[in-house]
Amino acid sequence: MHKYLVIVESPAKVKTISKFLGANYKVMASQGHVRDLPKSQMGVDIEHDYEPKYITIRGKGDILAALRKEAKKADKVYLATDPDREGEAISWHLAAALKLEDKDIYRITFNEITKNAVKASLKEARKIDMNLVDAQQARRVLDRVVGYGISPLLWAKIKRGLSAGRVQSVALRMICDRENEIDAFIPEEYWSMEATLNIKGEKKPLVAKFYGDKNGKIDISNQEQMQKILDKVKKSDFGIESIKKSEKVKKSPLPFTTSTLQQEAAKTLNMSTKRTMNIAQQLYEGVDIKGRGTIGLITYLRTDSTRVADEAKVSSKEYIGENYGEKYLPQQVSAKKDDKKIQDAHEAIRPTDLTLSPAVVKESLQRDQFRLYQLIWKRFVASQMAPAVYETTSVRIAAGEYIFTVAASKVMFDGFMSVYKNEDDAEATNTLAKGLDENSVLTLDDVNGIQHFTQPPAHFTEASLVKALEEQGIGRPSTYAPTISTIIARHYVIKENKNLYISELGNAVNNIMLTAFPTIVDVKFTANMESLLDGVAEGTVEWKEIIRNFYPDLKIAIDEAEKELEHIKIEDEVTDVICDKCGRNMVIKYGPHGKFLGCPGFPECHNTKPYLEKIGVACPKCGKDVILKKTKKGRMFYGCEGYPECDFVSWQRPSDKKCPKCGGYMIEKGNKLVCADETCGYVEAKNDKEQ
């Protein structure tokens, strides 16, 4: 007979935890949330101080019935849902659904699913933390009033079952803004210069880069300037002016937080944020390790903290000393001061047992589980190791009035890099000839100028978007992956070769949000809202106060947008394309992938066709119309309607104006017209008609 009932969220944890607790404990899973706001309505009672109307989630009745039955028999019920706001809220909903009295509620949390952590949590059982619950309620209600308030307007305006979200709309705006920056970017020419020098007595030549003159750095902006310098340099004698050696210490990395894990997994393992979180969840909940049973391999995966528990520091010190040697132990372990208290009850993401090295568990893990675990294991071990030490050498070479430089570095002590390297930890670069000194005789072998153009900002990737959201204070560890997954699933954003591009549909949604709801998509406003939610979690802000201050302004904006929409009767735009099934003129409609042609006779006639949107510009190659086209994934570009006979394509909108400098075609970049040929470089302002 079981005396105690332990309720966790996930069935995967049941097996792992049952093993630790023995026969007196029955472990059951709620399988996530058991109550939520209804899907059929807003579910927030605006008239009665924004009280949420919770209902049992469809399909959870049988689970709750089984839990109630066991709860009645048990002496104590331990609520062991995840150690964060969401987990606290699930425990609160369980307590309500199971009709537990306050005196009978035992809330336990553990940061890792290990025998010691689970048993220790039973000794530290507490009441439910209503501050954390209220922070989750505030987020849920805010998201609901935004989603259910604005989505019908998008539906009316763009004519599909679209939706808006408090965090996703800001993420969408950030991607749109980046795309606009890229579209408006005008490359600028610049030059670099390299001299290949022979050193007397050495076989290997030295490659030096142009720096400037005695007064400082010189930027070379065009070929004419470069040629003048080149002519003088060729006539000059080269000699070493100075050689400086110094030591550079590269600090060991911090252990992973949710955000940095998502970024690194995207960069090095090419994993989406959603995939990273799914695999990390499996590693946290427990994996069958041959000969050891089910083991939770990592600590809790949703965290902003880089803190490491004292026991983990001690065990890592022992492990590193034994396996790498005492010299790999740091004088003091680097620690980042958390300027925020967010979820700092948590630790960084780390292995629960360092002796379970990637090599030991490899055979028991699936490929992606192994790759992610190895990344976490190596990063944590590296974070507890001594820094790497480089010897850097910087050489200044005089050539008449000009200065060239050579920089080289070599690793003196690899420290943490013996375990973990990322893209920035490059090996020793440009190793210098050992016999190089101030008296070395240099002769010029070759010198040349290299033309470059400045590059636009990079398109967002999932990794860089997570970083940007975190830096701006938008969303929290649990929200990054679902936010990105949502905007991709709704076809607002297209993912191609890691890069995120805005779709036609995403652009339309963003434009409406910017026009009608500028506050919702304001980055600072959303970040401020996050800090208020943190205030609720800390007990310094009353949760309904946030809703009371937010909702009236939202309601005014919605009402105004609805009035605007009433004035603009949205009718289908009729085209001159005739339906080849029933003879009607086809109309432009919006689908999940953007515009298409549909028959107005629907539902009698189901005929649809792709919409070839002409932009009123002749193809620079053959003179036919340029049309808006899409890649297979839905990214917009401009191409000739005569394809495949004519292969003209452009990512930027072409203009029908010819370049007055070289005669080529021009493209639109923000409020400028720019020659499509970068080497020409002609730029002019768009006139009013073009704008």
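Computed from a prediction, not measured in an experiment: that's the story for all the values here. (Residues numbered from 1 in each chain as written. Predicted model: local features only at pLDDT ≥ 70, side-chain atom pairs only at ≥ 80, totals over all residues. Heavy atoms only, no water.)

Enquirer: In this structure, what is going on with the environment of Pro 518? I would like to understand it.
Expert: By the element assignment, Pro 518 lies in the loop between helix 15 (504-516) and helix 16 (523-538). Each C-alpha atom, one on Pro 518 and one on Ala 557, is 9.4 Å from the other, the two residues being 39 residues apart in sequence. (Helix = DSSP H or I, 4+ residues; strand = E, 2+ residues; numbered from the N terminus.)

Enquirer: Any chance you could explain the confidence of the model for the chain here in plain terms?
Expert: Of all residues in the chain, 93% have pLDDT values of 70 or greater, and the mean over the chain is 89. Here strand 22 (residues 594-598) is the element of the chain with the lowest mean pLDDT, 81, and helix 12 (residues 367-383) is the one with the highest, 97. Low pLDDT, under 50, characterises residues 333-344; the stretch is placed with 24 contacts to residues that sit more than four places away or in other chains. (pLDDT = per-residue confidence, 0-100. Contact = heavy atoms within 4.5 Å.)

Enquirer: It is not clear to me how the sheet that holds strand 29 (residues 665-669) should be interpreted in this structure. Could you clarify?
Expert: Taken in spatial order, the 4 strands make up an open sheet running 28-29-30-31, and their pairing is antiparallel. Each edge of the open sheet is held by one strand with a lone partner, namely strand 28 (654-658) and strand 31 (683-685). If you compare each strand with its neighbour and ignore which way they point, the axes differ by 35° on average. When strand 29 meets strand 30 (residues 672-675), the two strands line up antiparallel, connected through 4 bridges. Its bridge partner lying in strand 30, Lys 669 is registered against Lys 672. (Pairing = 2+ DSSP bridges. Axes fitted to C-alpha atoms, helices over the stretch in contact; angles between N-to-C directions.)

Enquirer: I tried to follow the environment of Asp 414 on my own but got confused; where do I start?
Expert: One can find Asp 414 in the loop between strand 16 (402-413) and strand 17 (442-453). When the C-alpha atoms of Asp 414 and Val 389 are compared, they prove to be 6.5 Å apart, with 25 residues separating the residues in sequence. Setting aside its immediate chain neighbours within four residues, Asp 414 contacts Tyr 328 and Ala 388. At 2.7 Å, the side chain of Asp 414 forms a polar contact with the side chain of Tyr 328. (Polar contact = N/O pair within 3.5 Å; in protein donor to acceptor, adjacent residues only side chain to side chain.)

Enquirer: What is the right way to read the environment of Ala 386 from this model?
Expert: Along the chain, the position of Ala 386 falls in the loop between helix 12 and strand 15 (388-399). Beyond its immediate chain neighbours, meaning those up to four positions away, Ala 386 contacts Lys 327, Tyr 328, Leu 329, Pro 330, Phe 413, Gly 415 and Phe 416.

Enquirer: Explain the pairing of strand 29 here, please?
Expert: In regular strands, side chains alternate between the two faces of the sheet. Where strand 28 lies against strand 29, 2 bridges are found, and the strand directions are antiparallel. The residue bridging Lys 658 from the neighbouring strand is Tyr 665, located in strand 29. The antiparallel hairpin formed by strand 29 and strand 30 contains 2 residues in its connecting segment, where Gly 670 sits at a positive phi of about 60°.

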